[in-house]
Amino acid sequence: MSEFKPLDPTACGLFFVAAISLPLAIGQLVNDASVVPVLPSTDAFIVIGICILVIALLAYLAGSNFGFTVFALVGAAVALTGFGMGPVENITFALLYFIAIIWSIKIGTPKALTVICFTTGLIFLTVGLSGIVGGDWHLAIGISALLNFIFNLYLSVTLALERPAW
């Protein structure tokens, strides 16, 4: 019989972030009006955002200040995306993720987590800039979201398997 050990809330939260990042990436990279629907639904953003907020609470209960703060920011931003967040708010969240990079480096989190803060910031920055300056930002948003998916999936599986991340 195996010994039960609860899953780290960080791993679960990263799985949720990956779950919204991949559809966002596909929707932005496909960018074809004949494919309906191309983007994740607003409901998907809202529900996954709320799930990530629950993970933030679990990280808080587990004593992880960094996990609580970053997941609270991500959960709020993802849910607000579903509610129609504007470009200035997107850029504000991007700046907060970029500031979280400094905190991540200072406390010595796995490098993949620092990269995730960066790719998450890039998503919100490119979405925000697309709303402010206009133009076609689908490729930049899609690549940022795809990289975010890859790093979130990598680190969540690494944490779930309890193997060291790079």
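Residues numbered from 1 in each chain as written. Predicted model: local features only at pLDDT ≥ 70, side-chain atom pairs only at ≥ 80, totals over all residues. Heavy atoms only, no water.

A few words on the overall build of the protein. For the protein, the count of helices and strands is 6 helices and 0 strands. Ordered by position in the sequence, the α and β elements of the protein form the string α-α-α-α-α-α. Within the protein, buried positions represent 40% of all 166 residues. A separation of at least 24 residues holds for 68% of the contacts in the protein among residues at least 6 apart in sequence. Surface exposure of the protein reaches about 8,900 Å², of which carbon and sulfur atoms provide 73%. (Helix = DSSP H or I, 4+ residues; strand = E, 2+ residues; numbered from the N terminus. Buried < 20%, exposed > 50% of the residue type's maximum accessible area, 1.4 Å probe, protein only. Contact = heavy atoms within 4.5 Å. Areas by Shrake-Rupley, 256 points an atom, 1.4 Å probe, with all protein chains shown as cover.)

Time to look at the layout of surface pockets. Roughly 400 Å³ of volume is contained in the largest pocket. What lines the largest pocket is a set of 21 residues, and nearest its centre among them are L24, F45, T81, I123 and V127. Those elements that place two or more of their residues in the lining of the largest pocket are α1 (9-30), α2 (42-61), α3 (65-82), α5 (111-133) and α6 (138-161). Lining the second largest pocket are 20 residues, and of these T10, F66, G67, F71 and L113 lie nearest its centre. Those elements that place two or more of their residues in the lining of the second largest pocket are α1, α3, α5 and α6. When residues of the lining of the second largest pocket are assigned to their parent elements, the largest contribution, 5 residues, is made by α3. Class assignment of the residues belonging to the lining of the second largest pocket gives a composition of 13 nonpolar, 6 polar and 1 charged. (1 Å grid on protein atoms, 1.4 Å probe; cavity = no way out; pocket = protein on both sides within 12 Å on 5 of 7 lines; lining within 4 Å. Points joined across faces, edges and corners; volume = space filled by probe spheres on them. Nonpolar A, V, L, I, M, F, W, Y, C, P; charged D, E, K, R; others polar.)

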